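If you want the building blocks of each chain, they are given just below.
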Amino acid sequence: MKEKLEQIKAKAIREIENSDGLGKLNEVRVAFLGKKGELTAVLKSMKEVLPEERPLVGQLVNETRASIEALIESTKAKMEAAERELKLKEEVIDVTLPAKKIQVGHSHPNTIALEEVERIFIGMGYEVVEGPEVEYDYYNFEALNIPANHPARDEQDSFYINDKIVLRTQTSPVQVRVMEQGKLPIRMIAPGRVFRSDEVDATHSPSFHQIEGLVIDKNITFADLKGTLAEFARQLFGEDTKVKFRPHHFPFTEPSAEVDVSCFKCGGTGCRFCKGSGWIEILGCGMVHPHVLEMSGINPEEYTGFAFGVGLERIALLKYEIDDMRLLYENDLRFLRQF
Ligand code: DAH
């Protein structure tokens with residue numbers, strides 16, 4: 001019996017040593033120690049052993065079992081360690097490699113200028129609203145006192161979708177849309193893209209941006225308009241900025257004006273920037289025409305208001321002293337990275 005056990009043990013050791021992986025090792029375990037394994041078979045044949053020899057044989061079987069088990073365990077541990085080692089080697093990370101640089105984008109100069117204008121007006125209690133870029137002729141022209149065949153339509157040569165629908169030539173139609181909602185008083189600005197059938201040059205583009213402003217309430221006067229735009233100019237261009245209102249004509253305001261600011265470069269003495277005049281034109285404005293109020297369902301006897309329209313690109317070009325509007329649209333990184 002002892003010999004038989006020695007043989008089993010030797011065979012087990014051989015097979016364990018020849019195992020080429022954890023799976024194989026487990027097969028060896030089953031083959032020797034499992035319910036139908038070789039060592040278990042020896043235990044089952046104990047009946048054939050003389051009763052007085054049974055304790056000794058039993059002990060031998062147990063010892064053999066223990067040593068096979070120990071060898072399997074230690075082999076298993078070695079295999080697992082080798083596997084782990086291999087995995088670590090495969091997954092090694094070279095922490096000294098230079099990292100990939102993340103390109104962080106930033107706002108376009110137009111956006112920076114718009115946010116600045118929005119900040120100023122939000123600070124004065126204005127709401128920011130938006131209107132559609134594809135607009136009814138009615139809102140873009142008719143309701144702003146520019147009927148069909150009015151000469152003002154020439155100045156704003158439009159892109160027509162059909163007779164009734166245009167790409168808006170100005171943000172002023174948003175005034176009408178807000179007034180029509182009938183919620184008074186109104187204090188809003190409406191930034192957005194506008195379109196005109198213009199050739200591209202240093203100061204023109206078929207697509208640019210405006211910021212419309214509208215205030216409607218009881219007892220609003222030209223003095224409110226002046227005070228508001230003077231404050232706007234001071235916040236945008238500096239404390240010492242002065243404003244000048246020049247009479248002008250817009251069909252939807254009466255009276256109308258164009259506003260110049262004192263040149264923030266030379267302070268008004270005249271320089272290359274302001275073409276020697278000391279003043280720079282920044283926007284159009286006026287008191288909302290009573291007929292425009294009426295058409296939008298507001299009683300001009302009860303309510304008055306003012307409106308203004310600013311070219312966003314113009315503000316951005318002035319603020320950053322850029323002399324060609326095309327730079328804003330060309331997406332040349334050498335230009336954009338400067339902001
Ligand atoms: N919409 C005018 C334009 O594109 C600008 C303008 C002038 C807007 C006077 C106004 C305003 O609201 O009151 O030329």
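Here's a quick rundown of the structure. It should be emphasised that the depicted structure is a prediction, and the values quoted were computed from it without experimental measurement.

1. Some points on the environment of Tyr303
Phase 1: Note on placement: Tyr303 falls in the loop between helix H10 (290–295) and strand E10 (304–311).
Phase 2: Classification of Tyr303 by relative accessible area gives buried; the value is 14%.
Phase 3: Setting aside anything within four residues of it in sequence, one finds Tyr303 in contact with Leu184, Ile216, Asp217, Lys218, Leu293 and Ile298.

2. Topic: the pattern of salt bridges
Phase 1: Evaluated as defined, the whole model comprises 15 salt bridges.
Phase 2: For Arg234, the salt bridge goes to Glu231, with nearest N and O atoms at 3.3 Å. You can see Arg234 and its partner Glu231 sitting in helix H9 (residues 222–237), three residues apart, about one turn around the helix.
Phase 3: Overall, Glu231 belongs to the partly exposed group, its relative accessible area being 26%.
Phase 4: With a shortest N-O distance of 2.7 Å, Asp260 and Arg246 are connected by a salt bridge. Placement of the pair is Asp260 in strand E8 (residues 253–262) and Arg246 in strand E7 (residues 243–250), with a sequence separation of 14 residues.
Phase 5: When salt bridges with common partners are traced through the structure, they connect Arg246, Glu258, Asp260 and Glu281 into a single cluster.

3. Some points on the packing of helix H5 (residues 109–123) against helix H11 (residues 312–320)
Phase 1: Packing of H5 against H11 leaves a shortest axis separation of 9 Å and a crossing angle of 100°. Considering the angle they form, H5 stands roughly perpendicular to H11. Contacts between H5 and H11 involve Pro109, Asn110, Ile112, Ala113, Leu114 and Glu116 from the first element and Leu312, Glu313, Ile315, Ala316, Lys319 and Tyr320 from the second.
Phase 2: Considering only residue class, the contact of H5 with H11 consists of eight nonpolar, one polar and three charged.

4. A word on the sheet that holds strand E4 (residues 165–167)
Phase 1: Reading across the sheet, the three strands line up as E2-E4-E3 and stay open at both edges, with antiparallel pairing between neighbours. Strands with a single pairing partner mark the edges of an open sheet, and in this sheet they are strand E2 (134–136) and strand E3 (159–160).
Phase 2: Where E3 meets E4, two bridges bridge the pair, whose relative direction is antiparallel. Counted as the bridge partner of Tyr160 is Val166 from E4.

5. Points about the environment of Lys319
Phase 1: For Lys319, the location among the structural elements is in helix H11.
Phase 2: On the accessibility criterion, Lys319 (31% relative accessible area) is partly exposed.
Phase 3: For the pair formed by Lys319 and Leu236, sequence separation is 83 residues and the distance between their alpha carbons is 8.5 Å.
Phase 4: Discounting residues that sit within four places of it in the chain, Lys319 has contacts with Glu116 and Leu236.

Cut-off values and rules
Residues numbered from 1 in each chain as written. Predicted model: local features only at pLDDT ≥ 70, side-chain atom pairs only at ≥ 80, totals over all residues. Heavy atoms only, no water. Helix = DSSP H or I, 4+ residues; strand = E, 2+ residues; numbered from the N terminus. Buried < 20%, exposed > 50% of the residue type's maximum accessible area, 1.4 Å probe, protein only. Contact = heavy atoms within 4.5 Å. Salt bridge = Lys/Arg side-chain N within 4 Å of Asp/Glu carboxyl O. Axes fitted to C-alpha atoms, helices over the stretch in contact; angles between N-to-C directions. Parallel < 35°, antiparallel > 145°, perpendicular 65-115°, else oblique. Nonpolar A, V, L, I, M, F, W, Y, C, P; charged D, E, K, R; others polar. Pairing = 2+ DSSP bridges.

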